[in-house]
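Structural overview
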Amino acid sequence: MSDLRGALIGCGFFAVNQMHGWAGIEGVAIAAICDRDPARLAAMGDSFGIERRYGDAETMLREVRPDFVDIATTAPSHRALVELAASLRIPVICQKPFAPTLDDARAMVEACDAAGVPLMVHENFRWQSPIQAVGRALRSGAIGRPFFGRVSFRSAYDVYAGQPYLAEGERFIIEDLGIHALDIARFLLGDASAMTARIQRVNPRIRGEDVATMLLAHKDGATSVVDCSYATRLEEELFPQTLIEIDGTEGSLRLGANYRLAVTSGGDTRHEDVSPPLLPWASRPWHNIQESVAAIQRHWVEALRAGREPETSGRDNLKTLALVEAAYASAAKGGLTLDPDAQ
Ligand code: NAD
Ligand code: 89Y
């Protein structure tokens, strides 16, 4: 028996994970789906046995009146869809990147606030079980007060095959992937007060940047490097693993390749395999991301039922989005130019 009826908008590449995730959550059923593309709508409807199918989001939301709506479209459509949900007082989850600009994002948060509608951004990377394990180790106090961090995602995986739009935008890696790494840095080391960034495009066949190196000053005193690349050919391809280093006053922790966590404290090092589970519907190497989809959905259901603000609420995500904007602004300015005579 399902007490929560959801509706999903956007039946594309990633939404299939969201549909599998919902199917595994007790008490939740997706009652209707929507996509402007009839072929994608039919494929999703047939795969998941959903009868109620719509080409128009407003018609769906007015007719179905779901308990929540899950927006799985790309960023250009997010503001209109979130504002539509707010106007109909329907709690809403919106995929990352939350909005193309910070102004849009602020307006979306205000619209939901004004309507009293819960809003969560599907910022799922912090929900990956290896990242949660790092968070637990850090909060246990074992390494003391963190003063340095590195959140690193380096790969040459062909993401353009499944998501061709990633090769077409003026902005790429910070907005698409760096956004997750920046959110992880906030999750582990707290909010930031300053940022410096450099970007590069290595792959000549794409329009935006595929390499970004960011330096953050966190309000609690730590400095972190957040670096990401889709131009890094490694001996072992690690997609979609995020590697983490944190140094603290009493020790250090490392989340290394293949989900190996090492926590050094008091002269000892504890090693732990923090691999994510392979859910029945998941497939490698995406299983890490897929598991985090189910985890963030469970969090949403708990928060909705308890009337609590979700961790990655729209309001919270404004801070991650501000880092994205700051990174592009800093990269556009360039760094301080050195006196050539001094070189
Ligand atoms: P996609 O282009 O494959 O699918 C989007 C679908 O939305 C398309 O089928 C399109 O027809 C439909 N659509 C767009 N606007 C619509 C509207 N107004 N009404 C109805 N349907 C509409 O995109 P994708 O690769 O599935 O990505 C979707 C979002 O998911 C992106 O924002 C992407 O960044 C994000 N994403 C997140 C993760 C993650 O781990 N959180 C991973 C991959 C992608
Ligand atoms: O779109 C991206 C995301 O959110 O996670 C990985 C990805 O699919 C490609 O960079």
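- Looking up the chain in an unreviewed UniProt entry gives the name Oxidoreductase, with the organism given as Aureimonas endophytica.

With respect to the overall build of the chain
- Scanning the chain for helices and strands turns up 10 helices and 14 strands.
- With respect to the three principal axes, the spread of C-alpha positions in the chain is 65 × 45 × 40 Å.
- For the chain, with 343 residues in total, the buried portion stands at 42%.
- In the chain, once contacts between residues fewer than 6 apart in sequence are set aside, the share between residues at least 24 apart is 70%.

Here we look at the site of ligand 2
- Neighbouring ligand 2 are Val-159, Gln-163, Asp-176, Leu-177, His-180, Pro-240 and Ile-289.
- It is helix 8 (residues 173-189) that contributes the most residues to the shell around ligand 2, three residues altogether.
- Taken together, the residues of the shell around ligand 2 break down into four nonpolar, two polar and one charged.

A look at the site of ligand 1
- If you check the shell around ligand 1, you find 26 residues, and the closest are Gly-10, Gly-12, Phe-13, Phe-14 and Thr-73.
- Taken together, the residues that form the shell around ligand 1 break down as 11 nonpolar, nine polar and six charged.

What to know about the UniProt feature "domain: GFO/IDH/MocA-like oxidoreductase" (unreviewed entry) in the chain
- Cross-referencing UniProt, the feature "domain: GFO/IDH/MocA-like oxidoreductase" (unreviewed entry) maps to residues 132-254 in the present numbering.
- The span residues 132-254 shows a helical share of 24% and a strand share of 35%, and its end C-alpha atoms are spaced 13 Å apart.

Brief notes about helix 6 (residues 129-139)
- The complete set of buried residues in helix 6 reads Pro-130, Ile-131, Ala-133, Val-134, Ala-137 and Leu-138. Seen from one end, helix 6 has its buried residues packed into an arc of 155°, which puts them on one side. Opposite the buried face of helix 6, by more than 90 degrees, sit the exposed residues Arg-136 and Arg-139.
- Those residues of helix 6 that are buried lie in contact with strand 7 (146-154), helix 8, strand 11 (243-248), strand 12 (251-256) and strand 13 (260-265).
- Looking one or two residues beyond helix 6, the residue adopting positive phi is Gly-141, at roughly 85°.

What counts as what
- Throughout this description, residue numbers start from 1 for each chain and increase along the sequence as written.
- Each chain gets a letter, beginning with A, and each ligand a number, beginning with 1, in the order they are written.
- Only residues with pLDDT of at least 70 are given local features in this predicted model, and only at 80 or more are side-chain atom pairs given and counted; all residues enter the totals for whole chains, interfaces and linings.
- Each helix is a run of H or I in the DSSP string that is no shorter than four residues. Each strand is a run of E no shorter than two, and both are numbered from the N terminus.
- Put simply, a residue is buried when 20 or more other C-beta atoms lie within 10 Å of its own C-beta and exposed when 12 or fewer do; between those, it is partly exposed, and each C-beta is set from the backbone.
- Residue pairs qualify as contacts under a 7 Å threshold applied to their C-beta atoms, which are placed from the backbone.
- Residues are counted as near a molecule or strand when the C-beta atom, derived from backbone positions, lies within 6 Å of that molecule or strand.
- In the scheme used here, Gly and all other residues not listed as nonpolar or charged are polar, with Ala, Val, Leu, Ile, Met, Phe, Trp, Tyr, Cys and Pro taken as nonpolar and Asp, Glu, Lys and Arg as charged.
- UniProt positions are given in the numbering used here, feature names are shortened, and annotations may be inferred rather than shown by experiment.
- Our arc is simply the arc of the directions from the helix axis toward the C-beta atoms.

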